[in-house]
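# An overview of the molecular structure
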Amino acid sequence: RLDQLGAEERTAIESAAVEGKVFHESSVVELSQGRDSAAALASLVRKELIRPERPVFAGERAFRFRHLMIRDAAYDAIPKERRAVLHERHAGWLEQRTGERSGEFDEIVGYHLEQAVRYRTELGQLDDRSRDLGRHAAERLGAAGRRAFVRSDAPAGVNLVSRAVALLSPQDPLRVELVPNV
């Protein structure tokens, strides 16, 4: 069914797939870079690929994939280079959208930045931009990891801090700073 979608619908559903099973219209607009996302999303609802959902953020319109397999198929169709760009853009959208509450979303922002770095690395893009994204991802994942330790969730803390450290060069002093004092 996804192969039969028009270009606008395909762009919208791929952009939505980057956010996850539940996604927000303004994220799709941001990731689609001004394409007619509202019309494309309405068409995807009519085609029963997505359905309206309660938004995470007030004042937003949100949707949910009717089935996780639809989301996975849409995501898998995105070339790696575009995935890297979309994950980075979504992290930026999320940071902007959450404002003062952005700390509550450290793990999610960190995940999207981590994915951007992963795809850039797989494509051989080991440049300053990748290192900057990796450091930003490490800061966000590390902050989420420290909060996990504070709430006595050691497995989550270890996972998040380990992922953060893996994104940094061996000589980066942030690696030491990420290790919590527990």
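My aim in this report is to walk through the structure given alongside it, one point at a time. (Residues numbered from 1 in each chain as written. Predicted model: local features only at pLDDT ≥ 70, side-chain atom pairs only at ≥ 80, totals over all residues. Heavy atoms only, no water.)

## Focus on the nonpolar core
One finds I13, F23, L41, L44 and F65 to be the most contacted residues of the largest nonpolar core, which totals 24 residues. Per element, the largest residue contribution to this core is 5 residues, and it comes from helix α1 (residues 7-19). F65 has contacts with I13, A16, A17, G20, K21, F23, L49, I50, I70 and R71, leaving out every residue within four places of it along the chain. (Core = buried A, V, L, I, M, F, W, Y, C linked by side-chain atoms within 4.5 Å. Buried < 20%, exposed > 50% of the residue type's maximum accessible area, 1.4 Å probe, protein only. Helix = DSSP H or I, 4+ residues; strand = E, 2+ residues; numbered from the N terminus. Contact = heavy atoms within 4.5 Å.)

## Some thoughts on the packing of α1 against helix α3 (residues 37-46)
Closest axis-to-axis distance for the α1/α3 pair is 9 Å, and the angle between their directions is 85 degrees. Of the possible angle classes, the one that applies to α1 and α3 is roughly perpendicular. The segment α1 lies against α3, with E8, E9, A12 and I13 engaging A40, L41, S43 and L44. Within the contact of α1 with α3, the residues separate by chemical class into 5 nonpolar, 1 polar and 2 charged. (Axes fitted to C-alpha atoms, helices over the stretch in contact; angles between N-to-C directions. Parallel < 35°, antiparallel > 145°, perpendicular 65-115°, else oblique. Nonpolar A, V, L, I, M, F, W, Y, C, P; charged D, E, K, R; others polar.)

## Some words on the sheet that holds strand β2 (residues 50-53)
What the 3 strands build is an open sheet, ordered β1-β3-β2; its pairing is antiparallel. Each having just a single partner strand, β1 (22-24) and β2 make up the two edges of the open sheet. Ignoring strand direction, the axes of neighbouring strands in this sheet form an average angle of 35 degrees. As defined by bridge partners, β2 adjoins strand β3 (residues 62-65) across 4 bridges and the pair is classed as antiparallel. Paired with P52 across the strands is F63, a residue of β3. Strands in contact with α1 are β1 and β3; relative to β1, the strand with the most contacts, it is inclined by about 115 degrees. (Pairing = 2+ DSSP bridges.)

## Brief notes about the environment of Q4
Note that Q4 resides in the segment before α1. For the pair Q4 and I108, spaced 104 residues apart in sequence, the C-alpha separation works out to 32 Å.

## What to know about the pattern of salt bridges
Pairing between side chains of opposite charge can happen when their charged atoms approach one another. By the definition in use, this model includes 19 salt bridges. Of the charged contacts, one joins E14 and R10 as a salt bridge, the two residues approaching to 3.5 Å between their closest N and O atoms. Note that E14 and R10 are positioned in helix α1 at a spacing of 4 residues, about one turn of the helix. Among the salt bridges present, the one from R129 reaches E88, with a minimum N-O distance of 1.9 Å. Remark: E88 occurs in helix α5 (residues 80-98) and R129 occurs in helix α7 (residues 128-150); sequence separation between them is 41 residues. On the basis of relative accessible area, E88 is assigned to the partly exposed category, the value being 22%. One salt-bridge network, held together by shared partners, links E95, D106, R140 and R147. (Salt bridge = Lys/Arg side-chain N within 4 Å of Asp/Glu carboxyl O.)

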